[in-house]
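Spelled out from the first residue to the last, the chains are:
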Amino acid sequence: LRNLTAEEKQAFQNKKNELNQQIFDDQLGFTLVWELLTEAKKPIIGHNFMLDILFMMSHFNDQITYEYEKFKQELSSMFPTIYDTKTISFSKRFQHLFPSGNSLGEIHQLSCNPDQKDFCDVEIILDERFSKYKVDEESKEQSHVYHEAGYDAYVTGHVFLKMFANAIEEEDKQYRNRVHIHKCNFHFRQDAEDELCYAKEYSVVNVQDKQDPTVQMIKEMFNQEHEVTRININEKENIKCVIIVLLKQGEHYHEEHKRKLQALREKGHEVLNFVEYSSQRKKQLEKSTKKY
């Protein structure tokens, strides 16, 4: 045993402080990443990530306020610019590409197709440390590990660049700070009032019975492939009609739906239209259909 010199005592204390800081940082975990993100004020990109935003704010920030407008202000102060690739996929330029769904994986795989000209021609180079995400040189196929955090982050960035790298100013303005909310008729707008983006459409056509030729014609016109429309035959209480429900969201589907309804009218059929904006509106629809 011997007494330490002043220099040795200081070196020992410094090492102890470093160890304590390392333990402290390990305990903080993702909070350190959150602090870097909020301090950087760089654009944040996600896919259908409203719940992710709420989860992170509730875990790594102060308690989320119950005042909606105040919540928007707090989010905007932390992340002035956000993009949602789910919202972008509903744009007229892309929505026709996803008849069966626009999940992150579906958009990513389509964007990797070199024959798909709707996406931007962007070369994306992966860091060598993430080699398992790269395309196999022999098979030319990419290993997909969706729902792995690092891979999902990479794929989201990949999809955003492929969809938005050549965006004009008007497109950027349209989709900046607009986040998709699952099963909601509104898009969340961080820096403006929320807007009605689409509404579920119901169209009612009177028929004699199930054997009415009009029923088969409607089934042929409104092809139910990929669940774009659902056709209900209503015969309760001697009410005989076909209810056509447009399920898909987006301008492309609404325009095509309107065109087919107009074709029905031109054949002499009376078509009654209803739009659902809320559960209350649906109840009004149900009451209205009983009249016909």
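Draft legend 1. View of helix 2 (residues 31-40). Within helix 2, burial applies to Thr 31, Trp 34 and Thr 38. One side of helix 2 carries all its buried residues, which in axial view fall inside an arc of 55°. Projecting away from the buried face of helix 2 at angles above 90 degrees are the exposed residues Leu 36 and Glu 39. At the C-terminal side of helix 2, Lys 41 shows a positive phi close to 60°.

Draft legend 2. Focus on helix 6 (residues 104-111). Taken as a whole, helix 6 has its buried residues at Leu 104, Gly 105, Ile 107, His 108 and Ser 111. One side of helix 6 holds all its buried residues, which, seen down the axis, span an arc of 165°. Against the buried residues of helix 6 lie helix 5 (85-89) and helix 7 (149-164).

Draft legend 3. The arrangement of the packing of helix 6 against helix 7 in detail. It is at 10 Å that the axes of helix 6 and helix 7 come closest, and there the two elements cross at 55°. As judged from the angle between their axes, helix 6 and helix 7 are oblique. With respect to the hand of their crossing, helix 6 and helix 7 are arranged in left-handed fashion. Taking contact as the criterion, the partners of Leu 104, Ile 107, His 108 and Ser 111 in helix 6 are, on helix 7, Tyr 151, Asp 152, Val 155, Thr 156, His 158, Val 159, Lys 162 and Met 163.

Draft legend 4. Structural view of the side chain of Thr 38. Mapped onto the secondary structure, Thr 38 falls in helix 2. Judged by relative accessible area, which is 14%, Thr 38 ranks as buried. Not counting residues within four places of it along the chain, the set of residues in contact with Thr 38 comprises Met 78 and Phe 79.

The rules behind these values
Residues numbered from 1 in each chain as written. Predicted model: local features only at pLDDT ≥ 70, side-chain atom pairs only at ≥ 80, totals over all residues. Heavy atoms only, no water. Buried < 20%, exposed > 50% of the residue type's maximum accessible area, 1.4 Å probe, protein only. Helix = DSSP H or I, 4+ residues; strand = E, 2+ residues; numbered from the N terminus. Arc of directions from axis to C-beta. Contact = heavy atoms within 4.5 Å. Axes fitted to C-alpha atoms, helices over the stretch in contact; angles between N-to-C directions. Parallel < 35°, antiparallel > 145°, perpendicular 65-115°, else oblique. Left-handed = near helix turned anticlockwise from the far one by under 90°.

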